[in-house]
Amino acid sequence: MGALVNLNGALVPPDRAFISIFDRGFLYGDSIYEVCRTYRGKLFELQAHLDRLQASADRIGLELPMPIAGLGRQMAHTLEMAELPGEAYVRLIVTRGSGEISLDPNAAVDPAFVIIAKPLTPYPPELLEKGCKVAVVGVRRNPRQALDPAAKTGNYLNSVLAMGEAKKAGAHEAILLGIDGGVTEGASSNVFLVQRGTLVTPALEVGILAGVTRRIVLELARELKIPVQERRVEPAELENADEAFLASSIREVMPIARVDDKVLAAPGPLTTKLRNAFRALTEKA
């Protein structure tokens, strides 16, 4: 079977998966979401993703249609019924619901959820092994005082525009700066760099998503006795790093081979060590 969709508990094929044109997720991006992947058919770090979903809901005042444990069971059930032949990509979306066309969040009724289970499309092996190109783009990350990037919402135009700019530059990922000019994160990833044996990454306080893979990488680094700094990062530091990499659920640990026109060592020794440690962890999951 190919992709399978769960609409509020009803399993349907993609060509029969419809939402209302009055759904606020469609009208305003008034929704939250999480993406899980599987290893050997099992959802990886599911509880961490569900906890982050709850945190996103709390940040934007969205009432979930059921407790997160129930949403987790719905994800597992959808995955099981999809009967996918290999590893899977599972996306959970929760919207505030439908109602009158109004910016007033109280106009919404009946929060809804959608789960999409489909075959995982991995990144090309050459990007994972030899590294990708990133572009530091002009589009800035939303400040926390506007739309906090710590909430993983369906309002993703900021990252869409950033990726459009990055693609024009021939890059695989966009690196967004904050309004103060510091490095924040990728359009759909967290960013790490290495300086003289120290692992450096932007702190959560600069206004970024608390990535699940980001947390794991930091935990692995500390277990491996690698010095870690979570702090403000300047663009010049990324461009002149000894090595750098991206982290996300689908990318895992992906080396950065080029920042704009600056070539970096890829994969560097510390990146390789962390990537191997991450893969060893997933083999035990």
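Throughout what follows, the structure given in this document is the object of discussion. Quick caveat: nothing in here was measured; it's all calculated off a predicted structure.

Right, let's get into the sheet that holds strand S1 (residues 4-7). Spatial ordering of the open sheet is given by S2-S1-S8-S5-S3-S4, a layout of six strands whose pairing is antiparallel. The open sheet has two edge strands with one neighbour each: strand S2 (10-12) and strand S4 (42-43). Here S1 runs beside strand S8 (residues 112-119); their pairing, made up of four bridges, is antiparallel. When the bridges of S8 are listed, Asn 6 appears paired with Ile 115.

If you trace the backbone, Thr 213 turns up in helix H6 (residues 212-223). For Thr 213, a relative accessible area of 4% puts it in the buried group. Of note is the side chain of Thr 213, whose polar atom sits 3.3 Å from the backbone oxygen of Ser 248. Excluding residues within four positions of it along the chain, Thr 213 makes contact with Ala 247, Ser 248, Ser 249, Glu 252 and Phe 278.

For the rest of this paragraph, the subject is empty space enclosed by the protein. If you walk through the whole model with that rule in mind, you get one cavity of 30 Å³ or more. Lining the largest cavity are Cys 36, Arg 37, Tyr 39, Phe 44, His 49, Val 212, Thr 213, Ser 249 and Phe 278. Mapped onto the lining of the largest cavity, the elements with two or more residues apiece are strand S3 (31-39) and H6. It is S3 that contributes the most residues to the lining of the largest cavity, three residues altogether. Along the lines of polarity and charge, the residues of the lining of the largest cavity split into five nonpolar, three polar and one charged.

A word on the layout of surface pockets. Space inside the largest pocket adds up to approximately 890 Å³. Forming the boundary of the largest pocket are 43 residues, of which Tyr 33, Lys 152, Tyr 156, Ala 187 and Ser 188 lie nearest the centre. Contributing elements (two or more residues each) for the lining of the largest pocket: S3, helix H2 (46-60), strand S5 (88-95), helix H5 (157-168), strand S11 (183-186), H6 and strand S15 (243-248). Of all the elements, H5 adds the most residues to the lining of the largest pocket, at four residues. Residues of the lining of the largest pocket, tallied by class, amount to 16 nonpolar, 16 polar and eleven charged.

A few words on the pairing of S15. Burial within S15 is extensive, with six of its six residues counted as buried. Judged by which residues are buried, S15 turns out to be covered on both faces: Glu 243, Phe 245 and Ala 247 on one side and Ala 244, Leu 246 and Ser 248 on the other are all buried. Bridge count between strand S12 (residues 190-195) and S15: five bridges; the pairing is antiparallel. Paired with Val 194 across the two strands is Glu 243, which belongs to S15. Relative to strand S16 (residues 252-259), S15 runs antiparallel, the two sharing four bridges.

The biggest cluster of nonpolar side chains holds 22 residues, and the ones touching the most others in it are Leu 53, Leu 64, Leu 71, Met 75, Val 90, Leu 92 and Val 94. The set of elements that each furnish at least two residues to this core consists of S3, H2, helix H3 (68-82), S5 and S8. The dominant element in this core, judged by the number of residues it contributes, is H3, at five residues. Contacts of Val 94, omitting those with residues within four sequence positions, involve Ser 31, Ile 32, Leu 53, Leu 62, Leu 64, Pro 65, Leu 71, Ala 112 and Phe 113.

Thresholds, definitions, all that
Residues numbered from 1 in each chain as written. Predicted model: local features only at pLDDT ≥ 70, side-chain atom pairs only at ≥ 80, totals over all residues. Heavy atoms only, no water. Pairing = 2+ DSSP bridges. Helix = DSSP H or I, 4+ residues; strand = E, 2+ residues; numbered from the N terminus. Buried < 20%, exposed > 50% of the residue type's maximum accessible area, 1.4 Å probe, protein only. Polar contact = N/O pair within 3.5 Å; in protein donor to acceptor, adjacent residues only side chain to side chain. Contact = heavy atoms within 4.5 Å. 1 Å grid on protein atoms, 1.4 Å probe; cavity = no way out; pocket = protein on both sides within 12 Å on 5 of 7 lines; lining within 4 Å. Points joined across faces, edges and corners; volume = space filled by probe spheres on them. Nonpolar A, V, L, I, M, F, W, Y, C, P; charged D, E, K, R; others polar. Core = buried A, V, L, I, M, F, W, Y, C linked by side-chain atoms within 4.5 Å.

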